[in-house]
Amino acid sequence: NGIRRQLGHAGIVDVAATVSVVKTIQEQIVTMMNSTARDVRPTFINCNARVRQIIAQEIRLAGDKLIIENLPGVGERVPFLDTAAGSLPLIVDVWNTVLVGDTAIDKYPTLILSGDYFSWQYVEPLGEAGAEPKTFEIAQTNVLDTQFKTVMFGTIELLGGANHHKRIDVEDRSVVVNPTS
């Protein structure tokens, strides 16, 4: 939600149910890379599980399969989408939920992000000084038991200009669109 809010409503691309999600993502990446900012290099696609499913269905309909590889540095196996910027991982975000709008059609936000312009900023929680790890005592059922949890508080900040990141809102669909047509 925070990332979507930072991107705002300017430049959102709506993908109707009759339009290919794969083709739209690929075209938007080409547009991003052909901008006047020469340092635009999209590195991953953040999407809802439903959008990932739609992408897989479109690619299967075109007679191909999603590439599934290990995510560099993490080891987690994720699908990759072939684009002008190379193969970009499709990161399914469990917090990326359906947009509730004024229409009867569900829309799912999909974000094309440039990792070089993506920053984690540590913040201090209310009433606590400093942006360092905080340790909290957790209440237990037995008075003699104690448990402590140490956590960091932070937020994601998108850097760069409008060309470094892109938001695409994908309409849900009942019919799969062939990306090659």
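This is a predicted model, so every value here is computed, not measured.

Engineer: So, the side chain of arginine 167: which residues are in play, and what are the values?
Structural biologist: Along the polypeptide, arginine 167 turns up in strand S11 (residues 166-171). The class of arginine 167 is buried, set by a relative accessible area of 8%. Polar side-chain contacts of arginine 167 include one of 3.0 Å to the side chain of aspartate 169.

Engineer: Please provide a residue-by-residue account of the pattern of salt bridges, values included.
Structural biologist: Applying the stated rule across the entire model yields four salt bridges. For lysine 107, the salt bridge identified is with aspartate 14, shortest N-O distance 3.4 Å. Here aspartate 14 lies in strand S1 (residues 13-15) and lysine 107 lies in strand S6 (residues 107-113), a separation of 93 residues in the sequence.

Engineer: So what's going on with the nonpolar core? Residues and values would help.
Structural biologist: Val21, Ile25, Ile55 and Leu81 are the most contacted members of the largest nonpolar core, which totals 24 residues. Elements supplying a minimum of two residues to this core: S1, helix H2 (21-33), strand S2 (44-47), helix H3 (49-61), strand S5 (86-92), S6 and S11.

Engineer: Pulling in residues and values, what's your account of the pairing of strand S4 (residues 77-83)?
Structural biologist: Along a regular strand, successive side chains alternate from one face of the sheet to the other. In terms of burial, S4 is largely enclosed, as five of its seven residues are buried. As paired strands, strand S3 (residues 67-70) and S4 are joined by four bridges and run antiparallel to one another. Paired with isoleucine 68 across the two strands is proline 79, which belongs to S4. Between the antiparallel neighbours S3 and S4 lie six residues, among them glycine 73 with a positive phi of about 80°. The sheet contact formed by S4 and S5 spans four bridges and is antiparallel. Looking at S5, one finds that leucine 81 is bridged to leucine 88. Here S4 folds back onto S5, and the loop between the two strands holds two residues.

Engineer: Please set out the side chain of glutamate 58 residue by residue, giving values where relevant.
Structural biologist: One can find glutamate 58 in helix H3. Residue glutamate 58 is classed as buried on the basis of its relative accessible area, which comes to 0%. If near-sequence neighbours (up to four positions away) are discounted, glutamate 58 is found in contact with Val19, Ser20, Val21, Val22, Arg173, Val176, Val177 and Pro179.

Engineer: Can you explain the sheet that holds S6? Please cite residues and give values.
Structural biologist: Strand pairing within a sheet occurs via backbone hydrogen bonds; the two strands may be parallel or antiparallel. Strands sit in the order S1-S11-S6-S2-S5-S4-S3 across an open sheet of seven strands; the sheet is mixed. At either margin of the open sheet sits one strand with a lone partner, and together these are S1 and S3. Here the average twist between neighbouring strands, direction ignored, is 30°. Bridge count between S1 and S11: three bridges; the pairing is parallel. The partner of aspartate 14 across the bridge, within S11, is aspartate 169. Of the strands in this sheet, S1, S2, S4, S5, S6 and S11 are in contact with H2, which crosses S11 at around 165°. Across the sheet, H3 touches S2, S3, S4, S5, S6 and S11, and the angle it forms with S5 is around 140°.

Engineer: Break down the packing of H2 against H3 for me, citing the residues and quoting the values.
Structural biologist: As a packed pair, H2 and H3 sit with axes 8 Å apart at the nearest point and diverge in direction by 100°. Looking at the two axes, H2 sits roughly perpendicular to H3. Residue-level contacts link Val21, Val22 and Ile25 of H2 to Val51, Ile54, Ile55, Glu58 and Ile59 of H3. Looking at side-chain class alone, the contact of H2 with H3 contains seven nonpolar, no polar and one charged residues.

About the thresholds
- Residues numbered from 1 in each chain as written.
- Predicted model: local features only at pLDDT ≥ 70, side-chain atom pairs only at ≥ 80, totals over all residues.
- Heavy atoms only, no water.
- Helix = DSSP H or I, 4+ residues; strand = E, 2+ residues; numbered from the N terminus.
- Buried < 20%, exposed > 50% of the residue type's maximum accessible area, 1.4 Å probe, protein only.
- Polar contact = N/O pair within 3.5 Å; in protein donor to acceptor, adjacent residues only side chain to side chain.
- Salt bridge = Lys/Arg side-chain N within 4 Å of Asp/Glu carboxyl O.
- Core = buried A, V, L, I, M, F, W, Y, C linked by side-chain atoms within 4.5 Å.
- Pairing = 2+ DSSP bridges.
- Contact = heavy atoms within 4.5 Å.
- Axes fitted to C-alpha atoms, helices over the stretch in contact; angles between N-to-C directions.
- Parallel < 35°, antiparallel > 145°, perpendicular 65-115°, else oblique.
- Nonpolar A, V, L, I, M, F, W, Y, C, P; charged D, E, K, R; others polar.

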